[in-house]
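The chain contents come next:
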Amino acid sequence: MKQTPIPPLPRHLAIAYTALVVYASLHPFSGWRDLGVSPFAFLDAGWPRWWTGFDLTVNVLVYLPLGYLLTLALSRHSGRWLPAVLGACLAALISFSMESLQTWLPTRVSSNL
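Residues numbered from 1 in each chain as written. Predicted model: local features only at pLDDT ≥ 70, side-chain atom pairs only at ≥ 80, totals over all residues. Heavy atoms only, no water.

Caption draft 1: Region of the structure containing the environment of Leu-90. Relative to the helices and strands, Leu-90 resides in helix 4 (residues 81–101). The spacing of Leu-90 and Leu-66 is 24 residues in sequence and 9.0 Å in space, taken between C-alpha atoms. Ignoring sequence-local partners within four residues, the contact set of Leu-90 consists of Leu-70 and Leu-74. (Helix = DSSP H or I, 4+ residues; strand = E, 2+ residues; numbered from the N terminus. Contact = heavy atoms within 4.5 Å.)

Written as C-alpha cells, this is what we have:
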C-alpha cells in the first residue's frame, strides 16, 4: 500500500506560529536581568495574586492552536494518538519554557497558572 506524502505546509505553519508565540511571550527583548530567583521558582509559588480570566483565556487560545499545528506537523508518525500526545507535550514544553524565560524580564510575570 502506497502512502500519500504529507505536504510541508503544516510543518511550516507550526514553525511560524511557534516563532510568533516566542516573540509575543518574550517581547520586549530588552532589560533582561538576573533577579537572583530560580527560573523555576514560579512552580513552587502559590496561586498568582494578579490573574484575570483574560490572561487564562488568551493562554488557552494561543497554545491550543499551537498544539493542533504541532499535531498536524507530526502526523507522519504512526497511529492516531501519538501525534496528538506529542503535539500537546511540545506545546506544554514551549509554554513552560516561555514562563521560565520570563523570570529574567522585569516587565513580564511568570505564572504557574
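Caption draft 2: Seen up close, a nonpolar patch on the surface. Among the surface-exposed residues, Phe-40, Leu-43, Leu-90, Leu-93 and Phe-96 lie close enough to one another that they form a single nonpolar patch of about 430 Å² accessible area. The element contributing the most residues to the nonpolar patch is helix 4, with three residues. Structurally, the position occupied by Phe-96 is in helix 4. (Patch = residues over 30% accessible without salt bridge, like charges linked within 9 Å, V, L, I, M, F, W, Y side chains within 5 Å. Areas by Shrake-Rupley, 256 points an atom, 1.4 Å probe, with all protein chains shown as cover. Salt bridge = Lys/Arg side-chain N within 4 Å of Asp/Glu carboxyl O.)

Caption draft 3: Examining the packing of helix 1 (residues 9–26) against helix 4 more closely. At a closest axis distance of 10 Å, the pairing of helix 1 and helix 4 adopts a crossing angle of 25 degrees. Between helix 1 and helix 4, the angle is such that the two are roughly parallel. Seen from above, helix 1 lies across helix 4 with right-handed handedness. Listed contacts from helix 4 to Thr-18, Val-21, Val-22, Ser-25 and Leu-26 of helix 1 are Ile-94, Met-98 and Leu-101. Of the residues that constitute the contact of helix 1 with helix 4, the class distribution is six nonpolar, two polar and no charged. (Axes fitted to C-alpha atoms, helices over the stretch in contact; angles between N-to-C directions. Parallel < 35°, antiparallel > 145°, perpendicular 65-115°, else oblique. Left-handed = near helix turned anticlockwise from the far one by under 90°. Nonpolar A, V, L, I, M, F, W, Y, C, P; charged D, E, K, R; others polar.)

Caption draft 4: Expanded view of the nonpolar core. Formed by Ala-14, Val-21, Leu-26, Tyr-63, Leu-66, Leu-69, Leu-70, Ala-91, Ile-94, Met-98 and Leu-105, the largest nonpolar core amounts to 11 residues. Where this core is concerned, the elements lending two or more residues are helix 1, helix 3 (53–73) and helix 4. Broken down by element, this core gets its largest block of residues, four residues, from helix 3. Ala-14 has contacts with Leu-66, Leu-69, Leu-70 and Ala-73, leaving out every residue within four places of it along the chain. (Core = buried A, V, L, I, M, F, W, Y, C linked by side-chain atoms within 4.5 Å. Buried < 20%, exposed > 50% of the residue type's maximum accessible area, 1.4 Å probe, protein only.)

From the geometry alone we can't say anything about function, so treat these as descriptive.
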